[in-house]
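Secondary and tertiary structure notes
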Amino acid sequence: MIMGASSAGSVLMRQSLSAPAPMREDGAMEAGLAQPAPRVTRLLGERLELVEDLWKTVLRSECPPEQAERLLRMKDLSDPANALTASATSAAIVQLIRDMDLAEAIAAARAFSLYFQLVNILEQHIEEDSYLASLQEGTPTPNPDPFAPPLASQTDPATFRELFTRLRGLNVPPAQLENLLRELDIRLVFTAHPTEIVRHTVRHKQRRVASLIHRLQVNSPSDLHDERSLRLQLEEEIRLWWRTDELHQFKPSVLDEVDYALHYFQQVLFDAMPLLRQRIHSALGCSYPDVEPPRDAFCTFGSWVGADRDGNPSVTPDITWRTACYQRQLMIERYISTVQELRDQLSISMQWSQVSAPLLESLEMDRLRFPEIYDERAARYRLEPYRLKLSYTLERLRLTHRRNQQLAEAGWEAPCDASSFPPALTIGTGPMASAPQDLHYASVDELRADLELLRDSLETTGLSCEPLRKLLSQVHIFGFSLATLDIRQESTRHSDALDELSRYLQLPVPYGEMAEDERVAWLLQELQTRRPLLPAAAVWSPATAETFAVFRMLERLQREFGTRICRSYVISMSHTASDLLEVLLLAKEAGLVDPKAVRTSLLVVPLFETVEDLQHAPAVMERLFSEPFYLQLLASNGEADRALQEVMLGYSDSNKDSGFLSSNWEIHKAQIGLQRLALQHGVALRIFHGRGGSVGRGGGPAYQAILAQPSGTMNGRIKITEQGEVLASKYSLPELALYNLETMTTAVLQNSLVSSSLDDTPAWNELMGRLGARSRQHYRKLVHENPDLVEFFQQVTPIEEISKLQISSRPARRKSGAKDLSSLRAIPWVFGWTQSRFLLPSWFGVGAALQEELEHDPDQLELLKLLYQRWPFFRMLISKVEMTLSKVDLDLAHHYVQALGRPSHREAFEGIFDVIAAEFTLTRDLVLKISGHTRLLDGDPALQLSVDLRNRTIIPLGFLQVALLRRLRDQHRQPPMSEVASDAATDGRTYSRSELLRGALLTINGIAAGMRNTG
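This one's a predicted model, so the numbers in the text were calculated from it and none came from an experiment.

Further remarks concern the pattern of salt bridges. A full pass over the atoms with the stated rule returns 57 salt bridges. In this structure, Arg 231 engages Glu 235 in a salt bridge whose closest nitrogen and oxygen atoms are separated by 3.0 Å. In this pair, Arg 231 and Glu 235 are both assigned in helix 9 (residues 224-242), four residues apart and thus about one turn of the helix distant. In this structure Glu 235 comes out as buried when scored by relative accessible area, which is 19%. Two residues, Arg 774 and Glu 853, come together in a salt bridge whose shortest N-O distance is 2.5 Å. With a gap of 79 residues between them, Arg 774 in helix 28 (residues 762-783) and Glu 853 in helix 32 (residues 846-856) connect regions that are remote in the sequence. We note that Arg 774, like Glu 853, is buried. Linked by salt bridges that have partners in common, Asp 185, Arg 187, Asp 486, Glu 646, Arg 686 and Lys 719 make up one network.

This next bit is on helix 21 (residues 611-625). Under the 1.5 Å per step criterion, the end-to-end length of helix 21 is 22 Å for 15 residues, consistent within 8% with the ideal 21 Å. The largest bend in helix 21 comes to about 45 degrees, at Ala 617, with the proline Pro 618 one to four residues further on. Listed as buried for helix 21 are Val 611, Asp 613, Leu 614, Ala 617, Val 620, Met 621, Leu 624 and Phe 625.

Moving on: helix 18 (residues 516-527). Over its twelve residues, helix 18 extends 16 Å from the first C-alpha to the last, a length consistent with the 16 Å expected when each residue adds 1.5 Å. Tucked inside the fold, the buried residues of helix 18 contact helix 17 (491-504), helix 20 (577-589), helix 21 and helix 22 (628-636).

Here the focus is a nonpolar patch on the surface. A contiguous nonpolar surface patch, about 230 Å² in accessible area, is contributed by Met 350, Leu 360 and Leu 383. Along the chain, Leu 383 turns up in the loop between helix 13 (371-381) and helix 14 (385-410).

So, on to the side chain of Ser 601. Structurally, the position occupied by Ser 601 is in the loop between strand 9 (599-600) and strand 10 (603-608). On the basis of relative accessibility, which here comes to 18%, the residue Ser 601 falls in the buried class. Leaving out residues up to four positions away in the same chain, Ser 601 has contacts with Gln 558, Thr 563, Cys 566, Arg 567, Leu 592 and Asn 637.

In terms of burial, strand 11 (residues 644-650) is largely enclosed, as seven of its seven residues are buried. Taking every second residue as pointing to the same face, both faces of strand 11 are buried, with Leu 644, Glu 646, Met 648 and Gly 650 on one and Gln 645, Val 647 and Leu 649 on the other. Pairing between strand 10 and strand 11: two bridges, direction parallel. Within strand 11, the position partnered with Phe 608 by the bridge is Leu 649. Bridge count between strand 11 and strand 12 (residues 684-690): seven bridges; the pairing is parallel. The residue bridging Leu 644 from the neighbouring strand is Ala 684, located in strand 12.

In this section: the nonpolar core. One finds Phe 792, Trp 829 and Phe 838 to be the most contacted residues of the largest nonpolar core, which totals 125 residues. The element contributing the most residues to this core is helix 5 (residues 102-135), with 14 residues. If sequence neighbours within four positions are ignored, Phe 838 has contacts with Phe 792, Val 796, Trp 833, Trp 843, Val 888, Ala 893, Val 897, Phe 913 and Ile 916. By size, the runner-up hydrophobic cluster in this structure holds 89 residues, among which are Val 254, Ile 280, Leu 390 and Phe 480.

Excluding glycine, most residues fall at negative phi; most peptide bonds, likewise, are trans. Within the chain, Asn 715 stands out as a residue other than glycine whose phi angle is a positive 50 degrees. Along the polypeptide, Asn 715 turns up in the loop between helix 25 (702-707) and strand 13 (717-723). The exposure class of Asn 715 is partly exposed, given its relative accessible area of 30%. Even without being a glycine, Arg 837 presents a positive backbone phi close to 70 degrees. For Arg 837, the location among the structural elements is in the loop between helix 31 (826-835) and helix 32. Arg 837 gets classed as buried once you look at its relative accessible area, which sits at 1%.

We now examine the confidence of the model for the protein chain. On average, the protein chain scores 85 in pLDDT, and the residues at 70 or more come to 84%. When the criterion is pLDDT under 50, residues 139-144 qualifies, and its contacts beyond four places in sequence or with other chains add up to eight contacts. Across residues 425-436, where pLDDT falls below 50, the model places 16 contacts with residues more than four positions away in sequence or in other chains.

Looking now at the pairing of strand 12. The buried fraction of strand 12 is high, at seven of seven residues. Residues of strand 12 alternate between two faces, with Ala 684, Arg 686, Phe 688 and Gly 690 on one and Leu 685, Ile 687 and His 689 on the opposite face, all of them buried. Sheet topology note: the strand 12/strand 13 ladder contains two bridges and is parallel. Its bridge partner being in strand 13, Phe 688 is matched across the sheet by Lys 719.

Quick look at the packing of aromatic side chains now. Here a ring pair, both rings aromatic, is described through the centre-centre distance and the interplanar angle of the planes. According to the stated counting rule, one finds 36 aromatic pairs in the structure shown. Each ring, one from Phe 625 and one from Tyr 630, has its centre 6.5 Å from the other, and the planes form 35 degrees; the classification is tilted. Accessibility expressed as a relative area gives 3% for Tyr 630, which makes it buried. The ring of Phe 688 has Lys 719 lying over it, and the distance from NZ or CZ to the ring centre is 4.6 Å. The ring of Tyr 868 is capped by Arg 875, whose NZ or CZ atom sits 4.5 Å from the centre of that ring.

Quick notes on the rules
Residues numbered from 1 in each chain as written. Predicted model: local features only at pLDDT ≥ 70, side-chain atom pairs only at ≥ 80, totals over all residues. Heavy atoms only, no water. Salt bridge = Lys/Arg side-chain N within 4 Å of Asp/Glu carboxyl O. Helix = DSSP H or I, 4+ residues; strand = E, 2+ residues; numbered from the N terminus. Buried < 20%, exposed > 50% of the residue type's maximum accessible area, 1.4 Å probe, protein only. Expected span 1.5 Å × (residues − 1). Bend = angle between axes of the 7 residues up to and from the residue. Contact = heavy atoms within 4.5 Å. Patch = residues over 30% accessible without salt bridge, like charges linked within 9 Å, V, L, I, M, F, W, Y side chains within 5 Å. Areas by Shrake-Rupley, 256 points an atom, 1.4 Å probe, with all protein chains shown as cover. Pairing = 2+ DSSP bridges. Core = buried A, V, L, I, M, F, W, Y, C linked by side-chain atoms within 4.5 Å. pLDDT = per-residue confidence, 0-100. Phe/Tyr/Trp six-rings, centres within 6.5 Å; stacked < 30°, edge-to-face > 60°. Lys NZ or Arg CZ within 6 Å of the ring centre and 35° of its normal.

See below:
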């Protein structure tokens, strides 16, 4: 046994007595103050013992004996229980690696990757099991713990039942809660970046292994024979996994990414979402029985996959059209399957049950529409009206499916030729004949109406049907579109197109030469003009032609699919008011804005990304809100008779631009300023948080992050991106998905109910302003002003090799060929620092800012401690930094610098490393003083042990990666040429460049699996 079961249980999992530990977006377990429950510790111990035994068995069966033993020896050396010092451990691991040939090095990388992925499966399943156990423990006591922290300070994730019990104990009025539930609007947007590092094929293997482990450990086989059979199946499945290539065989297309993102809907969310409302309904019944539950679609989904064209030339109008058709195809197929099952179940006979008059009337109309179905089914279902109605419903769904296929094949530019689609029907003949009716479902509202007829008829006779209720809930949540597509494009694409147009029209001053006030005036004038602006016969440059085509495609998309399929147009790198008006003008030319009625079917969403743009965001929106025409457009696209403005805040680029602390403070301030502005103008504001998976891109525990949002800025509305490995960690298992959705919802409710003045404390805001400015100054001094930093990043991290991973349809850089920092996307920026164990974007600059503040006034330390205890925003900041620092390994990072840095840069690189190391020590020491901890994560012992385990176990992969990268970079010729490695420290064998690259990419996969983090 490599690691004792009992110690492993305490290392990897903690469980509060009331609720399970959810998966954090940084890949670790969320944790509270409670100690691990014995049950959970025992479960993990048992399952980890099984997994490690299986892992050893597979290695010994798949690898030569000597190789297998060396791999197991490497695992022993990396065990936290190993008695050797860190330096002795590293020396022993390096020597083992030097004794390996390339094949064995690749085997080592694959072995550790397999190990981490098996452990990740265990963690997810135990979370799921723990959540189910918490639901079965019965109703909690109606009286909350009198010693519990006030609602504003409670940061441990809570279930619906726990939150409503607490609210009742605090005498929150039912009317206040009901009003909030009525407005509840949570939108989760799946994105394709960073694309999940694990192949879709491997994900299937993981699910199979997870299922077998669950059957073996949870369902308790009935006899020894069944247990042995399951054990053999597990060994066989893991051996098949071992022989499956972890690397993508080709660069995925956009439609491949679409398929991958929709996988979570097909496998988990489609069936899980109706349960979410059931659970909130049940929890309300215990504490607030008279409060009306929220609508079915209080939590909905969006997607950027197939619609985000910012810097991705592969996302064309045709791709977006095909994505929409594919999503509708999946939904219709699920509805067809469910309706078939319903028809089998609803065998109610008119001889033994009454039927509502509206249902009978609809059957008569259906008889006229579908005489063939009537002739075929009437004899069989003459006295079974529900089955007859569902037969007509099935036929309409099949016709809708057929039409969708034809639309996908024809493309968005094909003419709307009715002859090529399912037939329409003219009811009756002669002068009184009615207009032609489409036989397919022209909108999801028609399907919903048919299903509601069945439900209402059943209810009038005292019956209910749970599968029908579930189907109606799914129809409300997903419609025909499954997920709303958000279009995203960079702002200059629109201004460049309008500049080209203005030069074609020979305006006195071309658009590109206008000042901002001139642009706004011209755009508003053209928006309110009814004549067209675009000449039909003009020929445009390819970029401008595509920009215009996107808006025409959107109009066709909304006309065919309804506005639900795509309502938001996100403008990345938004700087000015004209950036929004440009999109509205282009939308008007395509028919998406009606200047006569002052209506629009498109919600234009500015994305403020840099620190400067975040600071200017309120002024930009103030300029727009001061225009009556713009406010009227907002009202036409609003909700509940109130103008709605959505604003997106970018965490990734603001962090890359100015560092973690400065970015988070500017986002916090921008939200407060935007909400005040919206209240002044009577506009409902929905903040769209562009969070990534890592802390450096706004990730981290979602529950605490939501609670840390400024008081009064949420009001039950939030929109969040869900990216990369976060999707797999949160939505791969049904109960795990439900738990994450439930706790996210309770966080939104808790934040919206808490009215706190902490964010308005002048002294605290002044302090944060100073810290943010100083942090930004130190971060930019290293990252943007040091001329050697870009070369340092290129050489001592695997950034170039990461760009060769076939994991995304989008380039790693915004501009092909450019090697400067500005062209590099935030995702590979964070990914590279994470692989080399610096994790620099998530903490650098924080220590220097804190130190300068304390040098100016040492008494400020007490205030910082107070903020950590009382201000959720500041506590979230320090906690994220503390967690990230715990994952930093400067010894291993220094090995990257020494082994991969070229001799010509050695002095400069050592200087950069010394700056990073000094800042790390300073930041760690100050964070410990503020938190009152002796070691990082002392306030969360289970997470501390988990991070310690992963940190040590990943060490061999880091040394392997450095060795392979060094050999790879020493070769300058391309395959199939090969040469003998010239480094005297290597084994002198001959390897091709492609072989070495493959080995390096496998270590990237393994480290990503171990840290549960890419970018």
